[in-house]
Every structure is written in structure tokens, then in C-alpha cells.
Amino acid sequence: IRVGSVRLDAGPIVLAHLHRDCAAPSRVTVRAHLDKSGQGVLIALPQGEVDRTDPMLREMTSDPTHRKVLITDGKSATGQALAKALVDAGTDIVWLGVAEPWKQAAPALKLPQLEYMALDVTDEKSVRDLAGVIGGKVDILISNAELHRNHTIADRGTETARAEMEVNYLGLMRLAQAFGPAMRARAAENTGATAWVNLLSIHALSALPSHGTFSASKAAALALSQNLRAEMRHSGIRVVNVFPGPIDDEWNQLVPPPKLAPAALAKAIVTALRDGAEDVYPGDVAQDLITRFRESQKVLERELWDQ
């Protein structure tokens, strides 16, 4: 552990973790950060290009370089974009879950680091079978499997709501129960498990009534994710919640722009892993809504009634 005193431009002297390239005396950039246990600390980084292989920085972040990653839905546009971004970031292996491997799919991304695996988050046996094969090897799990229908709560029947809950909420629970113990055990290793990423929605915070059942399923997933974070913190595994606005994918074809490109979402997730972030709001819509949510939740709730 390298620590040292840093005199801030404003005058005070603070105690900070030091990147190995920081030498005294020299100018540094001081950043507020979360350590592996989730406690707030200060980190001093050299100015200019930062070497991310520094052991201290790597310990406190979930940089995907040389790690093994599971993406739970590898056939979606988001899953394919995530796979490419992770390979570009230096990931050793990316396992891509495929719910229906027998179906003829569109041409899939083919790279030597990618392996397609059978995984249906609505099927407990499928989840447990895959956990038995790779659960003890996964460093980063990205839960991006999603079902999204344009239904209001007033629409008759519960079939849509049940289907969305099966994927968006219960699917996450099945993953947590099957992969959680193995990842917590692996986290004890020096290069072990580091992060669990949940793709939620900005409407998990403030529901969009025209997509009422989807908003409800993502709100349930957020509550589950907060509990997962509490359980994972003692193992040093960072739970990252991602709150995008509408993504430019098959579920949002009728939604008017602006929409978030899958590649932009993937870039935001890789950046969050490198920076050690816990909550991410990628895209213009998410940034606008989170700002208004923090100003007044009740005002935002009413503004969304007519959208």
C-alpha cells in the first residue's frame, strides 16, 4: 500500500493513496474514489496518461483488462456491442449467453476471445448448469438480459407483466443465487471476481406510465440489486447499476429520438468498470431525467404522466 501526503492547490494537506508513477515532488491529480470495500478514499494519479496496470489502481477498480467476463444476453445489439468493447479493452475471455442456441440468429460477432454458451435466465436449470461450468472463473458478470413491452398497468391481463418480471427481476435473482457464491469465493483470490453489472433503466427511479409494466420490473430489479450490493460488499465485489434511457434496439423501434446507441452504452459500462463507479446514467435522456429526479422526484413523476 503506497500512501503519501499531498498539498492541494487550495492549501490543505491530505493523505492519499499513491499511484506507483507518482514521485515527490511532482504535481498530481487527486480523485475521490471507492476502495475495494466500498469506503471513500482519495487517490493521487500522475498527470497525463495513467498506467492502469498499477496494482493499487487495479485493486480499487474493475478494469476488464486480462479478466474473464460473462454477458448474459449475447445475441442482442447491446450484448454484441458489449462484447466488442470488452475485447477492445483487453478482456481475456467473454462468455456470451444465448437463450435459444437452436434458433438461426443474425450473423454474430466472431472473435477469438468470444465463447457462446447456452443460458436462459428464465430457466433455473439453465442458469445453474452454466454456473457449474464457469461460475468459479467469472471475474465480471454483466446482467443485460431484458424483456421490454410497451404496456401500461391498465392494459388487461398480467401476461406481459409476468413475462417481464421473469426476465428482468427473477432472471437477475436466479443469476445471483447461482453465480453469487462462486464469485464471492473467487473474489478472495488476488485476481478474482471484481464486479457485477446490472443493466436497469432510468425508469426504475421514476416510472414511465406508457411503459408501466417494464418500469415496475426494473424498479423491482433495482431493489434486488441494492440487496445484492449489500451481500457482495464484504467480498469486495462492486455492484454497478446502469440506468440508461431508451436504447436504440429492437425494443424501442417506435420510441422517438434521442436514443442511446448500444456502442455508446457499452463504452459507458467499460468506463464505469475502469473508474470504479457504482451508478451510471449513460445518454442524454438519462442525464436529463436524473438531474430532474434529484431536483424534485414529485415534479418529475407528474411530468412523465403525459409521455
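Given the structure is predicted, the values throughout are model-derived calculations rather than measurements. (Residues numbered from 1 in each chain as written. Predicted model: local features only at pLDDT ≥ 70, side-chain atom pairs only at ≥ 80, totals over all residues. Heavy atoms only, no water.)

## So, the nonpolar core
So, step 1. In this structure, Leu70, Ile134, Val138, Phe179 and Trp196 are the most contacted members of the largest nonpolar core, which totals 41 residues.
So, step 2. Elements supplying a minimum of two residues to this core: α3 (124–134), α5 (170–186), α6 (212–232) and α8 (284–295).
So, step 3. If you tally residues by element for this core, the top one is α5, at six residues.
So, step 4. Sequence-distant contacts of Leu70, that is, excluding residues within four places in its chain, are made with Trp95, Leu130, Ile134, Val138, Ile140, Leu141, Ile142 and Phe179.
So, step 5. Ala83, Val87, Ala268 and Ile269 belong to the second-largest nonpolar core, a separate cluster that totals 29 residues. (Core = buried A, V, L, I, M, F, W, Y, C linked by side-chain atoms within 4.5 Å. Buried < 20%, exposed > 50% of the residue type's maximum accessible area, 1.4 Å probe, protein only. Helix = DSSP H or I, 4+ residues; strand = E, 2+ residues; numbered from the N terminus. Contact = heavy atoms within 4.5 Å.)

## Considering the environment of Met165
So, step 1. Mapped onto the secondary structure, Met165 falls in helix α4 (residues 159–168).
So, step 2. For the pair Met165 and Lys110, spaced 55 residues apart in sequence, the C-alpha separation works out to 31 Å.
So, step 3. Residue contacts for Met165: discarding those within four places in its chain leaves Leu170, Gly171, Ala216, Ser217 and Ala220.

## Brief notes about the packing of aromatic side chains
So, step 1. Within this structure, the stated rule accounts for one aromatic pair.
So, step 2. Where Phe243 meets Tyr281, the ring centres are 5.2 Å apart and the plane angle is 15°; that geometry is what we call stacked. Of the two residues, Phe243 is situated in the loop between β10 (238–242) and α7 (262–275) and Tyr281 in the loop between β11 (279–280) and α8; the sequence distance between them amounts to 38 residues. (Phe/Tyr/Trp six-rings, centres within 6.5 Å; stacked < 30°, edge-to-face > 60°.)

## Points about the packing of α4 against α5
Helix-helix packing is described using two parameters, namely the angle between the two axes and the distance between the axes.
So, step 1. Remark: α4 packs on α5, axes separated minimally by 3 Å, with the N-to-C direction vectors making an angle of 25°. The angle between α4 and α5 falls in the class roughly parallel. Every residue of α5 that contacts α4 at Met165, Glu166, Val167 and Asn168 is listed here: Leu170, Gly171, Leu172 and Arg174.
So, step 2. Split into classes, the residues belonging to the contact of α4 with α5 amount to four nonpolar, two polar and two charged. (Axes fitted to C-alpha atoms, helices over the stretch in contact; angles between N-to-C directions. Parallel < 35°, antiparallel > 145°, perpendicular 65-115°, else oblique. Nonpolar A, V, L, I, M, F, W, Y, C, P; charged D, E, K, R; others polar.)

## Examining the sheet that holds strand β6 (residues 93–98)
So, step 1. Strand order in this open sheet of seven strands is β7-β6-β5-β8-β9-β10-β11, and the pairing throughout is parallel. Since the sheet does not close on itself, it has two edges, and those belong to β7 (114–118) and β11, each with one partner.
So, step 2. Running over the sheet, α5 touches β5 (68–71), β8 (140–143) and β9 (195–199) and is turned about 165° from β9.
So, step 3. Contacting β8, β9, β10 and β11, α7 runs over the sheet at an angle of about 150° to β9. (Pairing = 2+ DSSP bridges.)

## Looking at α3
So, step 1. Among the residues of α3, those classed as buried are Ser126, Val127, Leu130, Ala131 and Ile134. All buried residues of α3 fall inside an arc of 130° around its axis, so they share one side. Among the exposed residues of α3, those pointing more than 90 degrees away from its buried face are Lys125 and Gly132.
So, step 2. Buried-residue contacts for α3 involve β5, β6, β7 and α5. (Arc of directions from axis to C-beta.)

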